[in-house]
Amino acid sequence: MATYGYCRISTGKQNIDRQVRNIHAVYPDAIIVKEVYTGTKFQGRKELDKILKIIKPNDTIVFDSVSRMSRNSDEGCEEYESLFNKEITLVFLKEPHINTDTFKKALSDADLKRTGTNVDFILEGVSKYLMALAKEQIKIAFEQSEKEVQDLHRRTAEGIETARLRGKQIGQKQGTKLTTKKSIEAKKVIFEHSRDFNGTLKDLDVMKLTGLARNTYYKYKAEMKQNKQ
């Protein structure tokens with residue numbers, strides 16, 4: 001039986017190491033699989049798809065939270081049920097109440113012994129109710145996760161709009177040049193070695209010295225010539 005720890009981040013500002021630590025704290029032998037810079041759709045998550053192709057009954061997939069499995073409640077519930085039916089164990093560290101082991105127990109409790117009397121009609125109703133309740137808890141967890149992501153996006157957008165209305169610059173101003181340490185050092189090399197300035201080397205040789213891509217190199221040269229005017 002194999003245990004996989006699935007970690008996912010969808011933006012460059014997130015840190016995947018926290019998810020890895022959380023999973024290894026509970027499942028130190030888990031095989032960690034990382035997914036970086038993915039979109040919002042469940043389908044197309046290549047690393048998770050790889051796990052789903054090789055996973056076997058009684059294997060386990062551990063998620064730091066239900067949001068790492070899916071941010072879309074409908075797809076998340078569908079995938080949960082599919083994996084459950086394949087006898088795959090799902091663990092959600094932040095939402096243990098919807099782990100598949102918990103779900104199995106709910107279904108087991110719902111499988112009440114029949115008596116062969118009219119009481120069986122009552123037991124059947126209780127059984128259906130408990131199963132529906134367990135499924136509802138799973139759906140609520142995915143819906144809450146989806147809502148939290150949507151709220152975060154909304155708050156971020158509102159924050160950017162508020163800053164813009166207050167006159168703060170969001171991003172780089174149009175027409176301005178971004179000066180970095182790398183560009184400064186590269187321009188020094190161009191200035192010293194390019195035939196167009198104080199050097200004796202051809203553009204191709206200077207490009208090799210700087211390690212710049214062709215477009216970047218000529219962009220820097222154009223900026224330098226403009227500054228000389």
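Residues numbered from 1 in each chain as written. Predicted model: local features only at pLDDT ≥ 70, side-chain atom pairs only at ≥ 80, totals over all residues. Heavy atoms only, no water.

Novice: Even after reading the chapter, I still don't get the overall build of the protein, so can you show me in this structure?
Specialist: Helix and strand content of the protein: nine helices and four strands. Starting at the N terminus, the α and β elements of the protein follow one another as β-α-β-α-β-α-α-β-α-α-α-α-α. Burial analysis of the protein (229 residues in total) assigns 34% to the buried set. Considering only residue pairs separated by 6 or more positions, the protein has 59% of its internal contacts joining residues 24 or more positions apart. When the accessible surface of the protein is summed, it comes to about 15100 Å², and 52% of that surface belongs to carbon and sulfur atoms. (Helix = DSSP H or I, 4+ residues; strand = E, 2+ residues; numbered from the N terminus. Buried < 20%, exposed > 50% of the residue type's maximum accessible area, 1.4 Å probe, protein only. Contact = heavy atoms within 4.5 Å. Areas by Shrake-Rupley, 256 points an atom, 1.4 Å probe, with all protein chains shown as cover.)

Novice: Got a minute to help me understand the environment of Ile23 in this structure?
Specialist: Within the fold, Ile23 resides in helix α1 (residues 17-26). Taking C-alpha positions, Ile23 is 8.6 Å from Tyr6, a pair spaced 17 residues apart along the chain.

Novice: When you look at unusual backbone geometry in this model, what are you seeing that I'm missing?
Specialist: Trans is the common state for peptide bonds, and a negative phi is the common state for residues other than glycine. Even without being a glycine, Asn58 presents a positive backbone phi close to 80°. As for its placement among the helices and strands, Asn58 is situated in the loop between α2 (46-54) and β3 (60-63). Assessed through its relative accessible area of 42%, Asn58 is described here as partly exposed. A positive phi angle is found at Glu87, which is not glycine, with a value near 65°. Looking at the secondary structure, you find Glu87 in the loop between α4 (73-85) and β4 (89-92).

Novice: Teacher, can you tell me more about the nonpolar core here?
Specialist: Taken as a class, soluble globular proteins show a tendency for nonpolar side chains to be buried jointly. Ile51, Ile61, Met69, Tyr80, Leu90 and Phe92 are the most contacted members of the largest nonpolar core, which totals 23 residues. At four residues, the largest contribution of residues to this core is made by α4. Among residues more than four places away in sequence, those in contact with Leu90 are Ile61, Phe63, Met69, Tyr80, Leu83, Asn99 and Thr100. Listed in part, the nine residues of the second largest apolar core include Ile190, Val206, Tyr220 and Met224. (Core = buried A, V, L, I, M, F, W, Y, C linked by side-chain atoms within 4.5 Å.)

Novice: Hey, could you run me through the sheet that holds strand β2 (residues 31-36) in this one?
Specialist: Strand pairing in a sheet relies on backbone hydrogen bonds, with the paired strands running either antiparallel or parallel. Read from one edge of the open sheet, four strands run β2-β1-β3-β4, paired in parallel fashion. Of all the strands in the sheet, just β2 and β4 have a single pairing partner and so form its edges. For this sheet, the mean inter-axis angle between neighbouring strands, taken without regard to orientation, is 20°. The strands touched by α1 are β1 (3-9), β2 and β3; relative to β1, the strand with the most contacts, the crossing angle is about 160°. (Pairing = 2+ DSSP bridges. Axes fitted to C-alpha atoms, helices over the stretch in contact; angles between N-to-C directions.)

Novice: I'm lost on the packing of aromatic side chains in this one. Help?
Specialist: By convention here, two paired aromatic rings are described through the distance between centres and the angle between planes. Taken as a whole and assessed by the stated rule, the structure comprises five aromatic pairs. Ring geometry for Phe63 against Phe92: centres 5.3 Å apart, planes inclined by 15°, an arrangement best described as stacked. Separated by 29 residues along the polypeptide, Phe63 in strand β3 and Phe92 in strand β4 bring together distant segments of the chain. In this structure, Phe63 and Phe92 share a single accessibility class: buried. Ring centres of Tyr80 and Phe92 lie 6.3 Å apart, and the angle between their planes is 15°; this geometry places the pair in the stacked category. One end of the pair, Tyr80, is in helix α4; the other, Phe92, is in strand β4, with 12 residues separating them in the sequence. (Phe/Tyr/Trp six-rings, centres within 6.5 Å; stacked < 30°, edge-to-face > 60°.)

Novice: Can you walk me through the side chain of Glu95 in this structure?
Specialist: Among the structural elements, Glu95 can be located in the loop between β4 and α5 (100-110). It turns out Glu95 is buried and unbridged, and the closest side chain with the opposite charge, Lys94, is 7.4 Å from it. Not counting residues within four places of it along the chain, the set of residues in contact with Glu95 comprises Ser65 and Val66. (Lys, Arg positive; Asp, Glu negative; His and termini not counted. Salt bridge = Lys/Arg side-chain N within 4 Å of Asp/Glu carboxyl O.)

Novice: How should I be thinking about the confidence of the model for the protein in this particular structure?
Specialist: Averaged over the protein, the pLDDT score is 77; the fraction of residues at 70 or greater is 68%. In the model of the protein, helix α6 (residues 119-165) stands out as the element of lowest mean pLDDT, 65, in contrast to β3, which has the highest, 95. (pLDDT = per-residue confidence, 0-100.)

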